[in-house]
Amino acid sequence: MKTTITAVRARQVWDSRGRPTVEAEVALAGGATGRACAPAGASRGAHEAHELRDGGARFGGLGVDRAVAGVNGEIAAALAGADAADQAALDARLEALDGTPNLGRLGGNATVAVSLAALHAAAAAEGLPLWAHLAQGRKVRVPLPEIQIFGGGAHAGRRTDVQDFMVMVPKADSVREALEVTADVFHAAGRLMAETGRLAGAADEGGWWPAFDSNEDALQALTQSIERSGHRPGEDVFISLDIAANELDVGGGRYRLGLETRELSTAEMVEQVADWVRRYPILSIEDPVSQDDLDGFGQATRAYGDRVQLIGDDILVTSAERVRRAAAAGAGNAVLVKVNQAGLVSRAKAALDAARALGWGAIVSARSGETEDVSIAHLATGWDAGQIKVGSFARSERMAKWNELLRIEEAMGADAVFAGPSAFAPSVAAGLA
Ligand code: PGA
Ligand code: ZN
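The model shown is predicted, which means the values in this text are computed figures rather than measured ones. (Residues numbered from 1 in each chain as written. Chains lettered and ligands numbered in written order. Predicted model: local features only at pLDDT ≥ 70, side-chain atom pairs only at ≥ 80, totals over all residues. Heavy atoms only, no water.)

1. Observations concerning the overall build of the protein chain
Logical step 1: A count of helical and extended segments in the protein chain gives 14 helices and 16 strands.
Logical step 2: Expected size for 433 residues packed as a compact globule is a radius of gyration near 22 Å; at 21 Å, the protein chain falls within 12% of this value.
Logical step 3: Sorting the 433 residues of the protein chain into buried and exposed places 63% on the buried side.
Logical step 4: Counting only contacts in the protein chain whose residues sit at least 6 apart along the sequence, the fraction spanning at least 24 positions is 70%.
Logical step 5: Accessible surface for the protein chain amounts to roughly 15,200 Å². Of this, 50% is attributable to carbon and sulfur atoms.
Logical step 6: Distance from the positive charge centre (43 side chains) to the negative charge centre (57 side chains) of the protein chain: 2 Å. (Helix = DSSP H or I, 4+ residues; strand = E, 2+ residues; numbered from the N terminus. Rg over C-alpha atoms; globule rule 2.2 N^0.38 Å. Buried < 20%, exposed > 50% of the residue type's maximum accessible area, 1.4 Å probe, protein only. Contact = heavy atoms within 4.5 Å. Areas by Shrake-Rupley, 256 points an atom, 1.4 Å probe, with all protein chains shown as cover. Lys, Arg positive; Asp, Glu negative; His and termini not counted. Charge placed at Lys NZ, Arg CZ, Asp CG, Glu CD.)

2. Quick word on the packing of aromatic side chains
Logical step 1: One pass over the structure, following the stated rule, counts 5 aromatic pairs.
Logical step 2: Each ring, one from Phe186 and one from Trp208, has its centre 4.6 Å from the other, and the planes form 15 degrees; the classification is stacked. Highlighted residues: Phe186 in helix α5 (residues 175–195) and Trp208 in strand β7 (residues 208–210), separated in sequence by 22 residues. Trp208 shares its class with Phe186; the two are buried.
Logical step 3: Aromatic side chains Phe186 and Phe393 sit 6.4 Å apart centroid to centroid with 65 degrees between the ring planes, which places their arrangement in the edge-to-face category. Of the two residues, Phe186 is situated in helix α5 and Phe393 in the loop between β16 (386–392) and α13 (396–412); the sequence distance between them amounts to 207 residues. (Phe/Tyr/Trp six-rings, centres within 6.5 Å; stacked < 30°, edge-to-face > 60°.)

3. Describing the pattern of salt bridges
Logical step 1: All chains considered together, the criterion is met by 34 salt bridges.
Logical step 2: Of the charged contacts in the structure, one is a salt bridge between Glu263 and Arg254, with a shortest N-O distance of 3.3 Å.
Logical step 3: Given the relative accessible area of 37%, Glu263 is considered partly exposed.
Logical step 4: Put simply, Arg11, Glu23, Glu25 and Arg35 are held in one network by salt bridges that share partners. (Salt bridge = Lys/Arg side-chain N within 4 Å of Asp/Glu carboxyl O.)

4. Let's talk about the pairing of strand β3 (residues 33–37)
Remember that side chains alternate between the two faces of the sheet whenever the strand is regular.
Logical step 1: Looking at chain direction, strand β2 (residues 20–28) and β3 are connected through 5 bridges and run antiparallel. Residue pairing for β3: Ala24 is matched across the bridge by Ala36.
Logical step 2: Linking β2 back to β3 in an antiparallel pair, the connection comprises 4 residues, with Gly31 at a positive phi of about 105 degrees. (Pairing = 2+ DSSP bridges.)

5. Considerations on the site of ligand 1
Logical step 1: The environment of ligand 1 is formed by 14 residues, the closest being Ala42, His155, Arg367, Ser368 and Lys389.
Logical step 2: Here an oxygen atom of ligand 1 sits 2.9 Å away from a polar atom, N or O, in the main chain of Ser43.
Logical step 3: Here an oxygen atom of ligand 1 and a side-chain polar atom of Lys338 are 3.3 Å apart.
Logical step 4: About the coverage of ligand 1: the protein hides 99% of its 280 Å² of free accessible area.
Logical step 5: Taken together, the residues that form the shell around ligand 1 break down as 2 nonpolar, 5 polar and 7 charged.
Logical step 6: When residues of the shell around ligand 1 are assigned to domains, at least three map to each of domain 1 (5–127) and domain 2 (144–430). (Near = heavy atom within 4 Å. Polar contact = N/O pair within 3.5 Å; in protein donor to acceptor, adjacent residues only side chain to side chain. Nonpolar A, V, L, I, M, F, W, Y, C, P; charged D, E, K, R; others polar. Domains from an automatic or database assignment.)

6. Details of the domain arrangement of the protein chain
Logical step 1: Considered domain by domain, the protein chain is made up of domain 1 (5–127) and domain 2 (144–430).
Logical step 2: In this complex, domain 1 contributes 33 residues to the contact, which on the side of domain 2 involves 31 residues.
Logical step 3: Of all residues in domain 1, Ser16, Ser43 and His47 give up the largest surface area on contact with domain 2, accounting jointly for 24% of the area buried on that side.
Logical step 4: Counting the contacts that link domain 1 with domain 2 gives 3 salt bridges.
Logical step 5: Notably, a salt bridge pairs Glu48 with Arg367, separated by 3.1 Å at the nearest N-O pair.
Logical step 6: Breaking the side of domain 1 that touches domain 2 down by element, the ones donating at least two residues are β3, α2 (87–98) and α3 (108–126).
Logical step 7: Each residue belonging to the side of domain 1 that touches domain 2 can be placed in one class, and the counts come to 15 nonpolar, 11 polar and 7 charged. (Buried area = accessible area lost by both parts, 1.4 Å probe.)

7. Observations concerning the sheet that holds β3
Logical step 1: Taking strand neighbours across the sheet as the criterion, the 3 strands line up as β1-β2-β3 in an open arrangement whose pairing is antiparallel. Unpaired on one side and paired on the other, β1 (5–14) and β3 mark the two borders of the sheet. Direction aside, the axes of adjacent strands within the sheet are offset by 15 degrees on average.
Logical step 2: As paired elements, β1 and β2 share 9 bridges and run antiparallel to each other. Following the sheet pairing, Ala10 is matched in β2 by Ala24.
Logical step 3: The strands touched by α3 are β1, β2 and β3; relative to β2, the strand with the most contacts, the crossing angle is about 35 degrees. (Axes fitted to C-alpha atoms, helices over the stretch in contact; angles between N-to-C directions.)

8. Some thoughts on the packing of helix α1 (residues 65–79) against α2
Logical step 1: The contact between α1 and α2 brings their axes to 10 Å, and the two run at 135 degrees. The orientation of α1 with respect to α2, classified from their angle, is oblique. Considering how the two elements wind past one another, α1 and α2 form a crossing that is right-handed. Contacts between α1 and α2 pair Glu74, Ile75, Ala78 and Leu79 from the former with Leu90, Arg93, Leu94 and Leu97 from the latter.
Logical step 2: In terms of residue class, the contact of α1 with α2 is made up of 6 nonpolar, no polar and 2 charged. (Parallel < 35°, antiparallel > 145°, perpendicular 65-115°, else oblique. Left-handed = near helix turned anticlockwise from the far one by under 90°.)

In structure tokens, the structure reads:
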């Protein structure tokens, strides 16, 4: 069979933070090959697939020799003869070989690279771009981007407590237009920062690394940047925040806003965000509470989940089971899908399908540590996720994904449909009409 795996190999490459990561290659009997890199998070949830690192002194303990050796040894042997076109069976084989629920033995960084490389190889065997291979002839939408303007939290020396200050352009006609509007906002923000002496560099995902006095200060600056760019906040351009509250959790149901030297209870945290939602053109909020606080996530959902997209990242960790549990508790209306959080392509797709079945939004997302790998642009499109989160509008590991989306949209030609408001859960979409 032309999609029979004949070889699997891995090597160490480097990510956008200069840290080692795993790249895998899969070769098929028909001559097709696929390649993929594992990304790496900084604000990781405890329930993610395990990232296997070497420990010790070398590379600050972040070496991936063991993960690479696992691919070249055990994984290569186990996958020889497997069918790359049967992703579910291939991933099940990886799961069984690892033998732990969180892929802790071989490492989710090893399995995700192999799982994705096999997917690329299967697409190549069909002679199709990955997005088209995944779409299988169904009509799919070009995803709506959320794009970081200011980076904070664990990605910028905790210069703001909120991790991502992002924008979305849901009423654009195309990804091309959404990116053009974002470029205006991104540069207006940079000028504003420079003029006011608050520009301190670039954060891990390429956003401006600002020197703000409060989180609110950042919200004001972002709103002002949208205005100055010539676009209308709350009309054309909306704000999206990733609070990444897990990073603010100091235990005992308390959250510490270090920038403002304030400590909040869960209820106060929910109310703080509700207050921002009332006063700023915020359309989407991610992780307003910490990873195990399903009750707090439910409180946030009841407070503003009818108008605002409420995304679970660290709390859902790309797990279908956690998505269903959250929905049963009335918590959240969207899931962040990070393939490496799940560790396998099939597991990530299952989380997306679970969200879709609930009428939730889904956002295929990069990690703060990325490479030139553009797989997520194809997954977000081919899976018809509706939304994509890549980081900011600078640094080539980010721009590579935006540029790939432009190519995909162009390849669709007159058939291309931009997801726009349809990307959100129904009540959120209704608010945009
Ligand atoms: P991470 O951050 O990749 O550092 O986990 C991204 C996010 O929180 O969405
Ligand atoms: Zn997040």
